[in-house]
Amino acid sequence: MRRIYESDALRRDDGPFSPTEVKRQKRPQRNGTGEPSFLSKFIPQAMANKAVYVSVTTPRKTYPRGVPIPFSVHFKNSMPFSVSIPTKSPLLWTWNIDEIIEASHVSVRDPPDETDRFGFNRGERKTFTRRWSQSFRLTDSTWEPAATGRYTIGVGINVDDPVSAGLYDEVTIEIVDE
């Protein structure tokens, strides 16, 4: 295939059936976010918030100390039309352990001060998986292991108050000595 392109056997012009250069977008596409229809911007925000269901699940409720804890985050648009939710930054959703964002006392990400939209096509489901290593980040190079006890894994869309907007869910797990 490379020989064909190097030999100039294919004519490169602006015709509808000729190969052209790939046009670069100004902004990279985000994996799995999609772009909802233009009309979704006109849906009342309260309706869009009620349309999107957020849930977080873990395979078990109890984990031995030192074992990473996997969790799945699910978002679902329950409406038969597209909706989008304006977010505070391009970081569309966040997770936390006992209200410590990404289990870190250090800012893990410093998102820009620009807003974005978390878009869902009609009936669309989005699932993400993450893993908590049962440790809390104290500084850039220091981690503290979690003690035995109960912890809450919370997930919310990056809006001002995801709990009151109905865009938040949490699950409680327990770390035990074995």
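See above for the structure.
Residues numbered from 1 in each chain as written. Predicted model: local features only at pLDDT ≥ 70, side-chain atom pairs only at ≥ 80, totals over all residues. Heavy atoms only, no water.

Caption draft 1: Local environment of the overall build of the protein. Scanning the protein for helices and strands turns up three helices and twelve strands. Each of the 178 residues in the protein was classed as buried or not, and the buried ones make up 35%. Sequence separation of at least 24 residues holds for 72% of the intrachain contacts in the protein that already meet a minimum separation of 6. With the model as given, the accessible surface of the protein reaches about 12,000 Å², and the carbon-plus-sulfur share is 51%. (Helix = DSSP H or I, 4+ residues; strand = E, 2+ residues; numbered from the N terminus. Buried < 20%, exposed > 50% of the residue type's maximum accessible area, 1.4 Å probe, protein only. Contact = heavy atoms within 4.5 Å. Areas by Shrake-Rupley, 256 points an atom, 1.4 Å probe, with all protein chains shown as cover.)

Caption draft 2: Examining the sheet that holds strand 1 (residues 52–57) more closely. Pairing is antiparallel in the open sheet, where three strands are placed in the order 1-3-8. Each edge of the open sheet carries a strand with a single partner, namely strand 1 and strand 8 (125–132). Direction aside, the axes of adjacent strands within the sheet are offset by 15° on average. Looking at chain direction, strand 1 and strand 3 (residues 69–77) are connected through six bridges and run antiparallel. Residue pairing in the sheet places Ser55 in a bridge with His74 of strand 3. (Pairing = 2+ DSSP bridges. Axes fitted to C-alpha atoms, helices over the stretch in contact; angles between N-to-C directions.)

Caption draft 3: Layout of the packing of aromatic side chains. Under the defined criterion, the tally for this structure stands at ten aromatic pairs. Ring geometry for Trp93 and Phe128: centres 5.3 Å apart, planes at 40°, overall tilted. Within this pair, whereas Trp93 is found in strand 5 (residues 93–97), its partner Phe128 is found in strand 8, the two being separated by 35 residues in sequence. Comparing Trp93 with Phe128 shows no difference in burial state: the two are buried. By the ring-pair criterion, three or more aromatic residues cluster together here, those being Phe75, Trp93, Phe118, Phe120 and Phe128. Stacked on the ring of Phe120, the Lys or Arg Lys126 has its end atom at 4.6 Å from the ring centre. (Phe/Tyr/Trp six-rings, centres within 6.5 Å; stacked < 30°, edge-to-face > 60°. Lys NZ or Arg CZ within 6 Å of the ring centre and 35° of its normal.)

Caption draft 4: Representation of the pairing of strand 4 (residues 83–87) within the structure. With respect to burial, strand 4 is a largely interior element, four of its five residues being buried. When strand 4 meets strand 7 (residues 116–120), the two strands line up antiparallel, connected through five bridges. Paired with Ser84 across the bridge in strand 7 is Gly119.

Caption draft 5: How the structure looks around the pattern of salt bridges. Evaluation of the coordinates by the stated rule reveals two salt bridges. With a closest N to O distance of 3.8 Å, Asp177 and Arg65 form a salt bridge. One end of the pair, Asp177, is in the segment after strand 12 (168–176); the other, Arg65, is in the loop between strand 2 (62–64) and strand 3, and 112 residues separate them in sequence. When its relative accessible area of 44% is taken as the criterion, Arg65 is described as partly exposed. (Salt bridge = Lys/Arg side-chain N within 4 Å of Asp/Glu carboxyl O.)

Caption draft 6: Quick look at the environment of Phe71. Topologically, Phe71 is positioned in strand 3. It is 6.0 Å that separates the C-alpha atoms of Phe71 and Arg131, two residues lying 60 residues apart in sequence.

Caption draft 7: Spotlight on the sheet that holds strand 11 (residues 149–157). Strand order in the open sheet made by the five strands is 2-12-11-5-6, with mixed pairing throughout. For this open sheet the edge positions go to strand 2 and strand 6 (100–101), each flanked by a neighbour on one side alone.

Caption draft 8: Layout of the side chain of Asn77. With respect to the element layout, Asn77 can be found in strand 3. According to the relative accessible area criterion, Asn77 is buried, its value standing at 0%. Residues within four places of Asn77 in sequence aside, it is in contact with Ala51, Ser82, Val83, Phe120, Asn121, Arg122, Gly123 and Glu124.

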